[in-house]
Protein chains: 2
Amino acid sequence: MALRHAVLAALLDEELSGYQLTKAFAAGVANFWHAKPQQVYAELARLERDGLVAGREVVQEGRPDKRLFRVTGKGLGELEGFASTAAKPAFLREDLLVQVQAADRLDAAVLIERLTERYAFAEAKAALFEERLRRMRGGLDEAEFLLRGARVGPYLTCRRGRDFERANRDWCRDVMEVLRARQAAAEEA
Amino acid sequence: MALRHAVLAALLDEELSGYQLTKAFAAGVANFWHAKPQQVYAELARLERDGLVAGREVVQEGRPDKRLFRVTGKGLGELEGFASTAAKPAFLREDLLVQVQAADRLDAAVLIERLTERYAFAEAKAALFEERLRRMRGGLDEAEFLLRGARVGPYLTCRRGRDFERANRDWCRDVMEVLRARQAAAEEA
DNA sequence: CGTTACATGTAATATGTTACATGATTCC
DNA sequence: GGAATCATGTAACATATTACATGTAACG
């Protein structure tokens, strides 16, 4: 039940609405966890029912009203309990890896299309993370920020996200290089 | 439905039993996908029902009989179809990231325990992948193997697995360094 | 004689995804 | 006038995890 804790962690620094949370957990933005809007709303409802977050109505003009949520004392306790238990390591579960695993029996040109797409996606996402890091640092250089900044947690997770996508990008590039070289070698023979 | 394709990809090079597949997809070994034994057996049953794999009974002495599976022509077609569709990019979904996201509100000592565990796990898994890569290369150096070796697919996915765990290890190390430096800085003040 | 490996599942529960639903407002 | 953003869900379906079940044989 880690989405539960991911939502709590996201709400630690600031009050957010369900909608803002769905944005934070959406495909392009989430630096440390991912979830669909429906899941976020459902989890928020459960968290409120269990008293781990508290919502407060905010009336707005010109746009629909919304509810802002914050973590309760009980919610913080829940997070502390979560942090004190061993974390399950994650596995890579990427469609593209399955496709490359079968590379020797598939058409290289088709795979190169997939790799090109993933390369572009990884590059874009890494750039997005890099930008967010820059904003979090503000004027400080990284070492200074990490030593004295408030809230380094989100920074550290965002950095992992950036490096993950950089690694994806580099891997795509290397695989494409290999596939192309093998095509060329096969043509010569 | 990517487990389906992961199983097909795993069976491309060699006939395997359900049990061998469960080993390949188990926590410590899978380089490109992960699944529990129950899932693997269920998926094999479906694949056989749909004619994408064919099983053959092998009678054994001294241990239970088993069934070896191979991919059918239809199965290869299914994989080709899969490779021709855009792959969904994966997200990081790691408990430890959630815990570090909340780092500023949690006890650093507790987090360092989690990071130490994950560091050791990542190191061990990276070493395991490295060993498998070495075996796949045989006597050849990497560039030579990638250019002329048969079956580079599994090699390339295994390399991604190794680099993923190396990145996890390095991130754990960096985060611990930051947390320790901040503890020291806080004590001084 | 207890543990690990071999070998294969069923059943219940939890989690995640897809499709559908509603309605106002702002931007182009 | 149509698309995108704000705002919040329900319902159906697919996938993954956990618990349970069974039996042989090799290893120490």
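Residues numbered from 1 in each chain as written. Chains lettered and ligands numbered in written order. Predicted model: local features only at pLDDT ≥ 70, side-chain atom pairs only at ≥ 80, totals over all residues. Heavy atoms only, no water.

### With respect to the relation of the copies chain A and chain B
- Expressed as a screw transformation, the operator carrying chain A onto chain B has a rotation angle of 180° and an axial translation of 0.0 Å, and the superposed copies differ by an RMSD of 0.0 Å. The relationship between the two copies is best expressed as a two-fold rotation axis.
- The fraction of interface residues of chain A whose copies in chain B are also interface residues reaches 100%, indicating that both copies meet through the same surface. (Least-squares fit on C-alpha atoms with pLDDT ≥ 70 in both. Contact = heavy atoms within 4.5 Å.)

### Regarding the protein's contact with DNA strand D
- By nearness alone, 18 residues border DNA strand D, and Y19 and Q60 of chain A together with Q38, Q39 and G62 of chain B come closest of all.
- When the atoms of DNA strand D within 4 Å of the protein are grouped by moiety, sugar and phosphate amount to 68% of the total.
- Between DNA strand D and K88 of chain A, the relevant distance is 3.1 Å, taken from a phosphate oxygen to a side-chain nitrogen or oxygen of the residue.
- Within the side chain of K36 of chain B, a nitrogen or oxygen atom sits 3.1 Å from a phosphate oxygen of DNA strand D. (Near = heavy atom within 4 Å. Polar contact = N/O pair within 3.5 Å; in protein donor to acceptor, adjacent residues only side chain to side chain.)

### Observations regarding the protein's contact with DNA strand C
- Residues in close proximity to DNA strand C total 18 residues, the closest being Q38, Q39 and G62 of chain A together with Y19 and Q60 of chain B.
- Of what DNA strand C places within 4 Å of the protein, 67% of the atoms are sugar or phosphate.
- Q38 of chain A has a polar side-chain atom sitting 2.8 Å from a base nitrogen of DNA strand C.
- Of all elements in the fold, only α3 (37-49) of chain A together with α2 (18-24), α3 (37-49) and β3 (66-71) of chain B reach the threshold of two or more residues within the surface near DNA strand C. (Helix = DSSP H or I, 4+ residues; strand = E, 2+ residues; numbered from the N terminus.)

### Here's the deal with the interface of chain A and chain B
- Listed by partner, the interface residues are 70 residues for chain A and 70 residues for chain B.
- Regarding the contact of chain A and chain B, the summed buried area is about 6,600 Å², with carbon and sulfur atoms giving 65% of it.
- Viewed at the interface, chain B and chain A are joined by two salt bridges.
- Note that R159 of chain B and D174 of chain A form a salt bridge whose closest N and O atoms lie 4.0 Å from each other.
- Our enumeration of links across chain A and chain B arrives at 30 residue pairs in polar contact (both at pLDDT 80 or more). (Buried area = accessible area lost by both parts, 1.4 Å probe. Salt bridge = Lys/Arg side-chain N within 4 Å of Asp/Glu carboxyl O.)

### Considerations on the packing of helix α1 (residues 2-11) of chain B against α3 of chain B
All names here are of chain B.
- Viewed as axis vectors pointing N to C, α1 and α3 meet at an angle of 85°, and their least axial separation amounts to 10 Å. One way to sum up the angle between α1 and α3 is to call them roughly perpendicular. When α1 is examined against α3, the residues L3, R4, V7, L8 and L11 are found in contact with a partner set consisting of Q39, E43, L44, R46 and L47.
- A per-class count over the contact of α1 with α3 returns six nonpolar, one polar and three charged. (Axes fitted to C-alpha atoms, helices over the stretch in contact; angles between N-to-C directions. Parallel < 35°, antiparallel > 145°, perpendicular 65-115°, else oblique. Nonpolar A, V, L, I, M, F, W, Y, C, P; charged D, E, K, R; others polar.)

### Comments concerning the UniProt feature "domain: Transcription regulator PadR C-terminal" (unreviewed entry) in chain A
- If you check UniProt for "domain: Transcription regulator PadR C-terminal" (unreviewed entry), the listed places come out as residues 92-180 of chain A in our numbering.
- Taken as a whole, residues 92-180 of chain A contains 81% helix and 0% strand, while its terminal C-alpha atoms sit 25 Å from one another. (UniProt positions renumbered as here; feature names shortened; annotations may be inferred.)

### Comments concerning the side chain of N31 of chain B
- For N31 of chain B, the location among the structural elements is in the loop between α2 and α3.
- A distance of 3.5 Å separates polar atoms of two side chains, one belonging to N31 of chain B and the other to T157 of chain B.
- Sequence-distant contacts of N31 of chain B, that is, excluding residues within four places in its chain, are made with Q101 of chain A together with F129, R132, P154, T157, C158 and G161 of chain B.

### Section: the nonpolar core
- Counting 106 residues, the largest nonpolar core has F25 of chain A together with F25 of chain B as its most contacted members.
- Setting aside residues up to four positions removed in sequence, F25 of chain A forms contacts with A6, V7, A10, A30, F32, W33, H34, A35 and V40 of chain A. (Core = buried A, V, L, I, M, F, W, Y, C linked by side-chain atoms within 4.5 Å. Buried < 20%, exposed > 50% of the residue type's maximum accessible area, 1.4 Å probe, protein only.)

### Focus: the environment of V29 of chain B
All names here are of chain B.
- On the secondary structure map, V29 appears in the loop between α2 and α3.
- Remark: the alpha-carbon pair of V29 and C158, spanning 129 residues in sequence, is separated by 9.8 Å.
- Setting aside residues no more than four positions away along its own chain, V29 makes contact with K23, A24, L128, F129 and R132.

### Notes on unusual backbone geometry
Residues and elements named next belong to chain A.
- Non-glycine residue R151 carries a positive phi angle of around 55°.
- Tracing the backbone shows R151 in the loop between α7 (142-148) and α8 (153-188).
- Taking the relative accessible area as the measure of exposure, R151 reaches 46% and is therefore partly exposed.

### Structural notes on the UniProt feature "domain: Transcription regulator PadR N-terminal" (unreviewed entry) in chain A
- The positions that UniProt labels "domain: Transcription regulator PadR N-terminal" (unreviewed entry) are, in the present scheme, residues 7-79 of chain A.
- Annotated as residues 7-79 of chain A, this span is 44% helix and 19% strand, and its ends, taken at the C-alpha atoms, are 10 Å apart.

### What to know about the environment of L47 of chain B
Residue and element names in this part refer to chain B.
- Residue position: L47 is located in helix α3.
- Residues L47 and Q183, spaced 136 residues apart in sequence, show a C-alpha to C-alpha distance of 54 Å.
- Leave out the neighbours within four places in its chain, and L47 touches R4, V7, L8, L52 and V53.

### Re the packing of helix α6 (residues 108-137) of chain B against helix α8 (residues 153-188) of chain B
Residue and element names in this part refer to chain B.
- At a closest axis distance of 8 Å, the pairing of α6 and α8 adopts a crossing angle of 155°. Comparing their axes, α8 and α6 come out roughly antiparallel. In terms of crossing hand, the pair formed by α6 and α8 is left-handed.
- Taken together, the residues of the contact of α6 with α8 sort by class into 19 nonpolar, four polar and 13 charged. (Left-handed = near helix turned anticlockwise from the far one by under 90°.)

### Details of the packing of aromatic side chains
Residues and elements named next belong to chain A.
- All chains considered together, the criterion is met by five aromatic pairs over all chains.
- Considering the side-chain rings of F145 and Y155, the 4.9 Å spacing of their centres and the 55° angle between planes classify their relative orientation as tilted. Here the residue F145 occupies a position in helix α7, and Y155 occupies one in helix α8, the gap between them amounting to ten residues.
- A residue is classified by how much of its surface remains accessible, and F145, at 6% relative accessible area, is buried. (Phe/Tyr/Trp six-rings, centres within 6.5 Å; stacked < 30°, edge-to-face > 60°.)

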